[in-house]
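Commentary on secondary and tertiary structure
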Amino acid sequence: MRPHIPDNDDLDEEIRGHLAVSIKERIDRGEDPASARLAALKEFGNVTLTRDAMRAVWSPRWLDMAEALWQDIRVALRSLMRAKGLVATVVVTLALGIGANAAIFSVVREVLLRPLVNRDEDRLVYIRQSVPAVGADNLTFSVPEIDEFKSRTRTIAAFGDFSTIDFTMIGLGLDPRVVKAGVVGGSFFDVMGLRPVLGRLLTATDDGPKAAGAAVLTYRFWTTALNSDPTVIGKTIRLGTRTATVVGVLEPSVPYPAATEIIANVVTSPHHLGATMVTNRAHRMTELFGRLAPGTSLEGARAELTTVHAAMVRAHPEAYSVKGNVQLTVTKLRDQIAAPARTILLVLLAAAAVVFIIACSNVANLILARSVRREGELAVRAALGAGSGALRRTLLAESVLLCGAGAVLGVILAQPLIALVSRYAARFSVRALDVNVDTTVVWVGAGLAMAAAVLLAYVPRLPSPHAPAGLGLASGAVRITPGTNRRLRIFATTQIAFSFVLLAGAGMLLATLVTLQTARTGFNLRQVLAVDVPTPSLGLADAKAINFYQEVVRRVGGMPGVDGVAVGSFTPWRDAGSFGSGFQFSVEGYRPADGEEYPRGRMRMVSPGFFAVLGVPMIAGRDFTEADRVGNELVSIVSQSVAQRLFPNGDAVNRHLMWTDPVFLIYGQPVPRRIVGVVADVEDENVVPGSALTIYQPVRQMGVAGRLFVHAAGDPYALVPAITRVIRNISAEQPVERAATLEDVRAEVLSPERVNAFVFSGFAGIALLIAVVGVAGVLAFSVSTRTREFGIRLAVGSAPRHLMTRVLSEGVVIAAIGIAAGAAGGFALARVATRFFATVQLPGALPIVGAAVVLIGAAGAASLLPAARASRVDVMRALRAE
Amino acid sequence: MARQDRERLDLLQGTLDMLILRTLQWGPGHGHGIGQAIRAQSDDLLKVETGSLYPALHRLEKHGWLKSEWGVSEANQRARYYRLTAAGRAQLSRERDRWSQLVDAIGRIMNPAPARKE
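Residues numbered from 1 in each chain as written. Chains lettered and ligands numbered in written order. Predicted model: local features only at pLDDT ≥ 70, side-chain atom pairs only at ≥ 80, totals over all residues. Heavy atoms only, no water.

The helix and strand inventory of chain A stands at 27 helices and 21 strands. A total of 882 residues make up chain A; the buried ones form 48% of that total. Accessible area for chain A stands at about 40400 Å²; split by element, carbon and sulfur atoms hold 60% of it. (Helix = DSSP H or I, 4+ residues; strand = E, 2+ residues; numbered from the N terminus. Buried < 20%, exposed > 50% of the residue type's maximum accessible area, 1.4 Å probe, protein only. Areas by Shrake-Rupley, 256 points an atom, 1.4 Å probe, with all protein chains shown as cover.)

Right under this line is the structure:
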């Protein structure tokens, strides 16, 4: 049975009872009531203390401690209110460190750590075929290959296939538009483990050429373009030449491999039903997913799939690259999706951690300086009997307050940062778009603040109870010990070292960006407008498409303000990757040596005038003309690199070349094409300048175009409405999209580099700022504690200028040591990093020297103020100070 | 009082609980009575400060060795009376054993001659 816990009234009454008995005894012994009462009270002692001791018996221990801590926090609050400048500096510094970490960790958690929404996402694998040797990192699969996997593997319970295709979509009350669509087999959604939010998804009954056209809308498309309209189910849409019924809306999920707007069954795409697609082993355009069979591991599936694949390659040598080793990779889907973002996010996390370290060491500096100033106060408290535990608790209460405030501000700061970082990370992984501000931020902030608080509470030295405290007590003056001074300097040096690493890294990224931005592209960037004018792909050399583009060129060319117009198949940089890694070709008189492969070249379709409009100079021969059309002689124009590599004698013009890539076997045996011209090299795939083998063919012989290039006399964007009108006059349902100058296209493609440089410069800037505050703080403190020394120096004849130089040089020495340490540490770090990341670049000399110069300059500037103060010390006051 | 204090012995640490339990063996009592009893039993050599006595009483009650209830004292006022419980009796015998072992051990050290048994 638990005893009844007495309340305060019970305790008071018990004490009153005691006193009453005590008084009565005394009165019984003959004392008079008044003095008996006094004596009884005197004998009892301190009533309040006794009562508190009685109550403490019943109250839990933690309550006492909490009460003591609360007391400490109130004291700390009062003492901090007297040092507002310090508080502001500490809180803002910590908030920057905590905010950056909380934001980046939130994104890391969402992108790298959180499971996908797919059912049993742990069993979901992604299969990829690649030829690293020729730079083809994703060959995708052909239907015969997938069929073979299906019939010959046991470790994968079911395969799902997905290919991307562009449809011109009409319906749902939207403008005619080109939508990116996924075309999937009936098993796809079941394998992916996804659910509908509305209607149903595609199943096995939607498979095959006889099923009715059916399409599922992606959640993003449904919510953004259709305002989550629930009546959309059952409506019919036109996709190119076919129609489909909208049967459902997919739940929000990570779109992989491509963010599409609709996902349709095979019957909607004539291409997927064609003989080429179904029977040609080299006609690859399908991505492959699998669900692990029960009881099998990823490793087991990988082993079996690799074996099956190797047998496949041996059995059909004609369908696989000879030179490059065709590889098969099997990864968990989650890892596959996260992979591109992993490195960049981990680097960001490291940068944020460095900022946190710098922030902590700076705050430690300030706190240490402050604690030295209050050594007198601590000594008095120790002398009055405060144990070292109680003193620590006081310091802890202060640092908890400071760090708590820093964490609150940091979490507030993290919210906009998360939006910024996730938009940035979305370039690498679509998952980053779903990052929300959640409690993670708060937990990370609180955790970091706690770590900092404990660290900070243990930085200052406590007055030793054994050391003679008399002097400190008596004078109340600051006596800085060599140990404290050294610690301050170590913290400042640490900050400089870490800032240096960040600055050098940011410098490297900036240098890369500047190189890319100033690189010569070979194009006229400013005046050329590129517009997407896609037509449905209706097969090779489709007369209707050719006539359409002829008409577009004729009418747009007649508009005022247009200097030149051409069509082509490829907008530089924006269409990068859409034609794979090039096709094999061969030229007259060139035989590859044994084991050598035919060279791979980029294929571009262009109309007459293309080179003039884009500003690419002709080097030899002629441009395409209106006569280069279907029925006439097949012709090509090659880039200078093709001419130089394959025709070393400089006689490329009038020789012949032919496409030998197995992909083209569907169009029949290779036919020779006469080279009529040579143009300068341009790099239209990558932003990094280079020279790639490129072969141009006339639009009028191939039919494929889709991109309009207009050379404007004035402002290119002013032409956009008129161009759209003119084209819609030719074909009312024609999409006219994404008009932009080549300059802006390039800027858009370069923006990841720009944001990279921006984000890192931001970190480096914060670090630099904190480090400068740190160095200035250390020197200011050092000067203020050495007033007496400076006074004596001045008294014995030192020139003020001399003192100033001394202090300045101290700052520069701290910076120099920090830079040396940072350089050594950074180099070691890069060595370690190379083991984990494939591409780690050491910055060139310029960023390193630049970072060092900036830091030395900043440290010098930070030392100026304390140095000036040192030189203006009042000799008499300084000497009388003690 | 200061003069009297000088003649008194300081209570040995940890013995107060045992003395309280022992005192209550004769029957229930209130705080003042317990203090007076210890003083009287020790021929005025031991004096228990109220600042120690009352927290000790409450501690013993919390352990379940004592039970308390309100009663009316000789001063005609409500007072809290403490009574030994069965657990308290067991605790007393444990403490008594420990105490005699301690005295025995200290005795052997201070007086190495043939051991003096209590």
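Under the counting rule described, the total for this entry stands at eight cavities of 30 Å³ or more. Looking at the largest cavity, its volume works out to about 130 Å³. Looking at the largest cavity, the residues that line it are His 18 and Glu 43 of chain A together with His 32, Gly 35, Gln 36, Arg 39, Lys 47, Val 48, Thr 50 and Leu 53 of chain B. Considering each element in turn, the lining of the largest cavity owes the most residues, four residues, to helix H3 (residues 31-41) of chain B. (1 Å grid on protein atoms, 1.4 Å probe; cavity = no way out; pocket = protein on both sides within 12 Å on 5 of 7 lines; lining within 4 Å. Points joined across faces, edges and corners; volume = space filled by probe spheres on them.)

Residue and element names in this part refer to chain A. Position of Thr 279 relative to the elements: it lies in helix H10 (residues 275-279). Overall, the relative accessible area of 58% leaves Thr 279 in the exposed class. Separated by 134 residues in sequence, Thr 279 and Glu 145 place their C-alpha atoms 9.6 Å apart.

Moving on, we get to the side chain of Thr 50 of chain B. Residue placement: Thr 50 of chain B occurs in helix H4 (residues 50-63). Apart from residues lying up to four places away in sequence, Thr 50 of chain B is in contact with His 18, Glu 43, Phe 44 and Thr 50 of chain A together with Pro 55 of chain B. (Contact = heavy atoms within 4.5 Å.)

Glancing now at the sheet that holds strand S2 (residues 66-72) of chain B. Here we have three strands laid out as an open sheet, ordered S1-S3-S2 (chain B), and antiparallel in their pairing. In this open sheet, the two strands that pair with only one neighbour each are strand S1 (29-30) and S2 of chain B. (Pairing = 2+ DSSP bridges.)

Once that is clear, we can look at the confidence of the model for chain B. Low-confidence regions, as indicated by low pLDDT, have predicted coordinates that should not be scrutinised in detail. Residues and elements named next belong to chain B. When the pLDDT values of chain B are averaged, the result is 84; 84% of them are 70 or greater. Taking the mean pLDDT of every element in chain B, the minimum, 45, falls on helix H1 (residues 2-7) and the maximum, 92, on strand S3 (residues 78-84). pLDDT under 50 marks residues 1-6. Its contacts with residues more than four places away, or in other chains, come to zero contacts. Confidence metrics for the complex model read pTM 0.62 and ipTM 0.84. (pLDDT = per-residue confidence, 0-100.)

Taken together, the 23 residues of chain A in the interface contact 23 residues of chain B. In total, about 2200 Å² of surface goes out of reach between chain A and chain B, with carbon and sulfur atoms giving 63% of it. For the chain A face of the interface with chain B, the top three residues by lost area are Glu 14, Glu 43 and Val 57 of chain A, together amounting to 26%. For the pair chain A and chain B, the interface holds two salt bridges. The residue Arg 39 of chain B makes a salt bridge to Glu 43 of chain A at a minimum N-O spacing of 3.8 Å. Viewed at the interface, chain B and chain A are joined by seven residue pairs in polar contact (both at pLDDT 80 or more). (Buried area = accessible area lost by both parts, 1.4 Å probe. Salt bridge = Lys/Arg side-chain N within 4 Å of Asp/Glu carboxyl O. Polar contact = N/O pair within 3.5 Å; in protein donor to acceptor, adjacent residues only side chain to side chain.)

A word on the pattern of salt bridges. All names here are of chain A. Using the criterion set out here, one finds 33 salt bridges over all chains in the structure. Between Glu 148 and Arg 152 there is a salt bridge whose closest N-O contact spans 2.7 Å. Separated by four residues within a single helix, Glu 148 and Arg 152 lie in helix H6 (residues 143-152), roughly one turn from each other. Taking the shortest distance from any N to any O, the salt bridge between Arg 200 and Asp 206 comes out at 2.9 Å. The exposure class of Arg 200 is partly exposed, given its relative accessible area of 36%. One network of salt bridges, with partners in common, ties together Asp 532, Arg 574, Asp 575, Arg 707 and Arg 738.

What follows covers the environment of Ala 506 of chain A. Residue and element names in this part refer to chain A. Tracing the backbone shows Ala 506 in helix H17 (residues 482-518). Overall, the relative accessible area of 3% leaves Ala 506 in the buried class. In sequence terms Ala 506 and Phe 760 are 254 residues apart; their C-alpha atoms lie 5.2 Å from each other. Leave out the neighbours within four places in its chain, and Ala 506 touches Phe 760, Ser 761 and Ala 764.

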